Amino acid sequence: MNWTRKDLLGLEELSKVEIELILATAESFKEVSSREIKKVPALRGKTVVNLFYEPSTRTRVSFEVAAKRLSADVINIAAQESSVRKGETLVDTGKNIEALKADIIVVRHGASGAPALLARHVGLNVVNAGDGWHEHPTQALLDIFTLKEKLGRVEGLKVVIVGDIAHSRVARSNIWGLSKLGAKVCVCAPGMLIPPAIEEMGASISSDIDEALKGADAVNVLRMQFERDEEAAFPEKLEYFKNFGITKERLLRAKKDIIVMHPGPINRGIEISSEVADGANSVILEQVTNGIAVRMAVLFLVAQARDEKQPHTD
Amino acid sequence: MKNSRILIKNGRVIDPAANKDEISDILIDGGKIISVARDIKNGCRQVLDAAGKIVLPGLVDMHVHLRQPGREDKETIASGTAAALKGGVTSVLAMPNTLPAIDSLKNVSLLQGIIKKDAQANVFICGAISLGRQGKELVDLARMRKAGVLAFSDDGSSVDDAELLLKAFKKAREYKALIICHCEDKILSAGGVVNLGFTSTRLGLRGISRESEYKRIERDIALSVRAKAALHIAHVSCRESVEIIALAKKKGADLTCETAPHYFCLTEEAVLGYDTNMKINPPLRSKDDVLAIKQGLGDGTIDAIASDHAGHTENEKDIEFERAEFGTTGLETELAAAATELVHTGILDWRQLAAKMSLNPSRILGINKGALIVGRDADIVIVDPDKEWVVRKEDFISGSKNSAFTGRKFKGVVEYTICNGKIAYKTETG
């Protein structure tokens, strides 16, 4: 099949076939990063703008590396420091970037739906690098890519996502993506961190991590951000670690080869113990490596879709 | 003399006041209806052929934000009343969330001055309950009532202080004024922007709970019953609210309520894709709520349909969803929306619709409108009931274009609106 979407806003709107196309494309790009010269000319002459309204190092750097390995030029805008502080709207910023003749905007924004707003107003490709509590599609894609690489398949797998589901875009994108590919997703958290009607997205709910880990093929451990949401009820830190933290003892009762994932940055001793984070089951650093391939695939595919819609004039 | 006469011929005249639905002529002169009969002799210059058309009393929309004074960038008395006439609305109740709020005799007379100068339809005034709609100090309800204010509401700001609201009910009872409550417990709605549930989870947005609406409705009914005062509840959106109101009415409370077309035409799924025109307070709810609203309209629990017309500028709407203003325009679409979703579906007949959109709000407000009877003001709307049209952004004449109905197909077109005996609107294609 051909990729036809100008933008990647989330996994909810993607079909199983589209997700598989991204994963297959990522597979072919992964090899580039192990070459002596880590570059292909796929996006030569294209400009990728990383427009980040929230502080982010790992996602932004990952997109930057991905774009550069495709030979694109990369501009980073940390929007907290830019004209946005002078009151420029998101749409105006987007139109200005368009006027610079950039090709792809990678946007991270605190407001759910901000990438969709941008995509409606600019002709550029818009790639969502995380919006509010809504979606973080490339993170979920790299999680799924890693799972598939490790276990050879996604269909039929049991994946546990543990942590603050209510405020997690990573959780939402993973639920959509994994469910579409036929995995069974279980979200596990204290009740106060489970959003209403999450089961309608295709996930089952558990409040007992030991129960949830039984028979699980993988566990995706979300970063707990106790500092983030003053108004929401949060469990006490040590209590959280005791009841939901992923420790060596807990894993002893799970499948021996259970995969442990984490979108990073990790809080050692809060949601995951150091032994597990650095242990044999952990694929946390491989996720980072795979993130490059997945983002190369996404940038490549959206750029291609736009090229097909707007034939070159030269 | 005969020049001011208008004769409406052969229309299907719907009069909820006389419980009438029959082919008839209506003769208008001097701003009044002077005859309603079959085969009135054609003695005047202006004859409107209404054969095959529905003739209704002009609509009375008791929940309209005209924005003037203060937010003329969104809407003015002139643009809002022109939009009203286009939608078949001949009388509106102007809500007090203006700048300044309508919270004093001085501001009432300021508003009355603008109305006198600019209004193209009848504009009645709803005053604020508290100064600056801050919920702290009661307005001079007695004097504002005497100056012509019909109803009092803090509008978008629910009065949190129960004691203050109780006082307002007591005063309102004494001076025969109506209290209108926007029922929302802001602690329970807690910064929400869409219906709490699957939609809020799916979009990653904060949810507005149903309790935030119906728990406040329960409280406000209790206070009004204690004060033995009349209460009208604005924009009912969910099943529990309908049930609570039905029960209170059964127990004899002096209680009325309204809903808006978006609560029986649209569900929360319309918000998917982050369309900020669908960001409304109370929020678009579930399919089951839409069903309950329709049932409540059918069984009489819900007395009135009002637009809650709320214009906003593009700058306030075409932004991140959580930052965008709440509200949709509605004056130009409400009759068509109600005809399509309620009459053509058999939930209401035309008489019942005319009651919900004209007679009942007139009675609730205590104004002499809503009937096609000899001697009444000639406020009349002629509707082509079967003509289909698609709502287009560029066709709106309201000061703002933020309609939740853009792109939607409706059945029922306003052909003529007659306001105070004059043809105030005529469709271009009719």
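Residues numbered from 1 in each chain as written. Chains lettered and ligands numbered in written order. Predicted model: local features only at pLDDT ≥ 70, side-chain atom pairs only at ≥ 80, totals over all residues. Heavy atoms only, no water.

S.K.: Would you mind showing me how to read the sheet that holds strand E3 (residues 104–109) of chain A here?
M.R.: To summarise the sheet geometry, strands pair through backbone hydrogen bonds and adopt either a parallel or an antiparallel arrangement. All names here are of chain A. Strands sit in the order E2-E1-E3-E4 across an open sheet of 4 strands; the sheet is parallel. Of all the strands in the sheet, just strand E2 (73–78) and strand E4 (125–131) have a single pairing partner and so form its edges. Neighbour-to-neighbour, the strand axes of this sheet turn through a mean angle of 15 degrees, independent of strand direction. Bridging between strand E1 (residues 47–52) and E3 involves 5 bridges; their strand directions are parallel. Paired with Val49 across the strands is Ile105, a residue of E3. Helix-sheet contacts for helix H3 (residues 90–99) involve E1, E2 and E3, and the interaxial angle to E1 is about 160 degrees. (Pairing = 2+ DSSP bridges. Helix = DSSP H or I, 4+ residues; strand = E, 2+ residues; numbered from the N terminus. Axes fitted to C-alpha atoms, helices over the stretch in contact; angles between N-to-C directions. Contact = heavy atoms within 4.5 Å.)

S.K.: What should I look at first to understand unusual backbone geometry in this one?
M.R.: In terms of backbone geometry, most residues other than glycine have negative phi values and most peptide bonds are trans. Residue and element names in this part refer to chain B. Here Gln68 and Pro69 are connected by a cis peptide whose omega angle stands at 5 degrees. Looking at where Pro69 falls in the secondary structure, it is placed in the loop between strand E6 (59–65) and helix H1 (77–86). Cis peptide bonds are those with omega within 30 degrees of zero, and the linkage from Leu99 to Pro100 qualifies with 0 degrees. Backbone geometry at Asp308 places phi at a positive 55 degrees, although glycine is not the residue there. Among the structural elements, Asp308 can be located in the loop between strand E15 (304–305) and strand E16 (309–310). Residue Asp308 is classed as buried on the basis of its relative accessible area, which comes to 8%. (Buried < 20%, exposed > 50% of the residue type's maximum accessible area, 1.4 Å probe, protein only.)

S.K.: When you look at the domain arrangement of chain A in this model, what are you seeing that I'm missing?
M.R.: All names here are of chain A. For chain A, the domain assignment lists domain 1 (16–136 + 290–309) and domain 2 (137–287). Its C-alpha centre places domain 1 at a distance of 26 Å from the equivalent point of domain 2. Carbon and sulfur atoms supply 60% of the area that domain 1 and domain 2 bury against each other, a total of about 2,300 Å² over both sides. On the domain 1 side of the interface with domain 2, the three residues burying the most area are Trp133, His136 and Asn290, jointly 31% of the side's total. In this assembly, domain 1 and domain 2 are joined by 2 salt bridges. Across the salt bridge formed by Arg169 and Glu54, the nearest N and O atoms sit 3.1 Å from each other. Across the domain 1-domain 2 interface, the total number found is 16 residue pairs in polar contact (both at pLDDT 80 or more). When contributions to the side of domain 1 that touches domain 2 are tallied by element, the ones reaching two or more residues are helix H1 (16–30), helix H2 (58–69), E3, E4 and helix H11 (284–309). The greatest single-element share of the side of domain 1 that touches domain 2, amounting to 8 residues, is contributed by H1. Considered class by class, the residues forming the side of domain 1 that touches domain 2 number 9 nonpolar, 8 polar and 10 charged. (Domains from an automatic or database assignment. Buried area = accessible area lost by both parts, 1.4 Å probe. Salt bridge = Lys/Arg side-chain N within 4 Å of Asp/Glu carboxyl O. Polar contact = N/O pair within 3.5 Å; in protein donor to acceptor, adjacent residues only side chain to side chain. Nonpolar A, V, L, I, M, F, W, Y, C, P; charged D, E, K, R; others polar.)

S.K.: Please clarify how the packing of aromatic side chains should be interpreted in this entry.
M.R.: Given two aromatic rings, one states the distance between the centres and the angle between the planes to describe the pair. Residue and element names in this part refer to chain B. A complete count under the given rule lists 5 aromatic pairs over all chains for this structure. Each ring, one from Phe405 and one from Phe410, has its centre 5.5 Å from the other, and the planes form 65 degrees; the classification is edge-to-face. In this structure Phe410 comes out as buried when scored by relative accessible area, which is 1%. Every member of this aromatic cluster is reached through a ring pair, and the members are Trp389, Phe405 and Phe410. The aromatic ring of Phe326 is capped on one face by Lys279, whose charged end is 4.7 Å from the ring centroid. (Phe/Tyr/Trp six-rings, centres within 6.5 Å; stacked < 30°, edge-to-face > 60°. Lys NZ or Arg CZ within 6 Å of the ring centre and 35° of its normal.)

S.K.: How should I be thinking about the environment of A:Thr4 in this particular structure?
M.R.: Along the polypeptide, A:Thr4 turns up in the segment before H1. Taking C-alpha positions, A:Thr4 is 9.8 Å from A:Ala303, a pair spaced 299 residues apart along the chain.

S.K.: Sorry if this is basic, but what is going on with the interface of chain B and chain A here?
M.R.: The partner chain A presents 25 residues to the 17 residues of chain B that form the contact. The contact between chain B and chain A buries some 1,700 Å² in all, and 55% of this surface belongs to carbon and sulfur atoms. The tally of links from chain B across to chain A stands at 1 salt bridge. Residue A:Glu12 pairs with B:Arg202 through a salt bridge whose shortest N-O separation is 2.5 Å. Inspection of the region where chain B meets chain A yields 9 residue pairs in polar contact (both at pLDDT 80 or more). Here the side of chain B that touches chain A is composed, by residue class, of 7 nonpolar, 5 polar and 5 charged.

S.K.: Would you take a moment to explain the confidence of the model for chain B for this structure?
M.R.: Caution is warranted with low-pLDDT regions, since their predicted coordinates should not be read in detail. Across chain B, the average pLDDT comes to 96, with 99% of residues at or above 70. Across the interfaces of the predicted complex, the ipTM metric reaches 0.93, alongside a pTM of 0.95. (pLDDT = per-residue confidence, 0-100.)

S.K.: Can you walk me through empty space enclosed by the protein in this structure?
M.R.: Empty space among the atoms can be located by rolling a probe the size of a water molecule over them. Residue and element names in this part refer to chain B. Applying the stated criterion to the full structure yields 3 cavities of 30 Å³ or more. The computed volume of the largest cavity comes to approximately 50 Å³. Pro57, Gly58, Thr90, Asn368, Lys369, Gly370, Ala371, Arg376, Asp377 and Asp379 are the residues that line the largest cavity. Looking at the lining of the largest cavity, its residues break down into 2 nonpolar, 4 polar and 4 charged. (1 Å grid on protein atoms, 1.4 Å probe; cavity = no way out; pocket = protein on both sides within 12 Å on 5 of 7 lines; lining within 4 Å. Points joined across faces, edges and corners; volume = space filled by probe spheres on them.)

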